[in-house]
Amino acid sequence: MRIGVISDTHGSISAWQKAYDQFLHQTDLIIHCGDLLNHGPRNPLPDQYKPDELCALFNALAKPIVFVRGNCDAEVDQMILEHPIEAPYAHIITARWRILVHHGHQNRLPAKTKNLYNLIISGHTHLPSLTKENGVISLNPGSPALPKNESKTPTIAVIDTETIGIWNIDTGEEVQRVD
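### Comments concerning the pattern of salt bridges
So, point 1. In total, this model carries 5 salt bridges according to the counting rule given.
So, point 2. Lys-18 is the salt-bridge partner of Asp-170, the closest N and O atoms lying 2.7 Å from each other. One end of the pair, Asp-170, is in the loop between β11 (164–168) and β12 (174–178); the other, Lys-18, is in helix α1 (residues 13–22), with 152 residues separating them in the sequence.
So, point 3. Judged by relative accessible area, which is 33%, Lys-18 ranks as partly exposed.
So, point 4. Where Arg-177 meets Asp-179, a salt bridge forms, and the shortest distance between an N and an O atom there is 3.0 Å.
So, point 5. Given a relative accessible area of 60%, Asp-179 falls into the exposed group.

### Quick notes on the sheet that holds β11
Hydrogen bonds along the backbone pair up the strands of a sheet, which may run parallel or antiparallel.
So, point 1. The 7 strands are arranged β4-β3-β2-β1-β10-β11-β12 in an open sheet whose pairing can be described as mixed. The open sheet has two free edges, formed respectively by β4 (85–86) and β12, since each of these has just one partner strand.
So, point 2. Strand direction decides the pairing type here: strand β3 (residues 65–68) and β4, joined by 2 bridges, are parallel. Note on β4: the bridge partner recorded for Val-68 is Glu-86.

Thresholds applied
- Residues numbered from 1 in each chain as written.
- Predicted model: local features only at pLDDT ≥ 70, side-chain atom pairs only at ≥ 80, totals over all residues.
- Heavy atoms only, no water.
- Salt bridge = Lys/Arg side-chain N within 4 Å of Asp/Glu carboxyl O.
- Helix = DSSP H or I, 4+ residues; strand = E, 2+ residues; numbered from the N terminus.
- Buried < 20%, exposed > 50% of the residue type's maximum accessible area, 1.4 Å probe, protein only.
- Pairing = 2+ DSSP bridges.

Pasting the structure below:
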């Protein structure tokens, strides 16, 4: 199973379209770590900020997508989005992965988290990160719309059976990888 991971689209139709066309269309499942439609009061308007059109693309998607509520997501978003928004966590179990997904704005995870999951995914920071500690992989795909790393690299992640990679959606290059 191939899983695409995206976070913090903040209403940018161009960021979603670029990520989908280059990477996410090739996946069996998409995980969105939150901050779907609203740009948030501390963020600038992202390129092609069209939350209504982005929502229409989400609703038309012909593959499964899991959304987790972010700190910029509101109840009104669920009124127009035809997929459920999970909050504060989503749990996904595959043959290889026991995944816990959360947005990441509440830093404290439940005590048993690292005992029960081998992949913990979050967003919120807009900073791509991929680490492995004591058999548990932590992944933040960054943001394709409002990246906050020094180079302002727009990123997403792809999970395969034995590898996880973070990808630059502008260049198509892999930024980081864990086997």
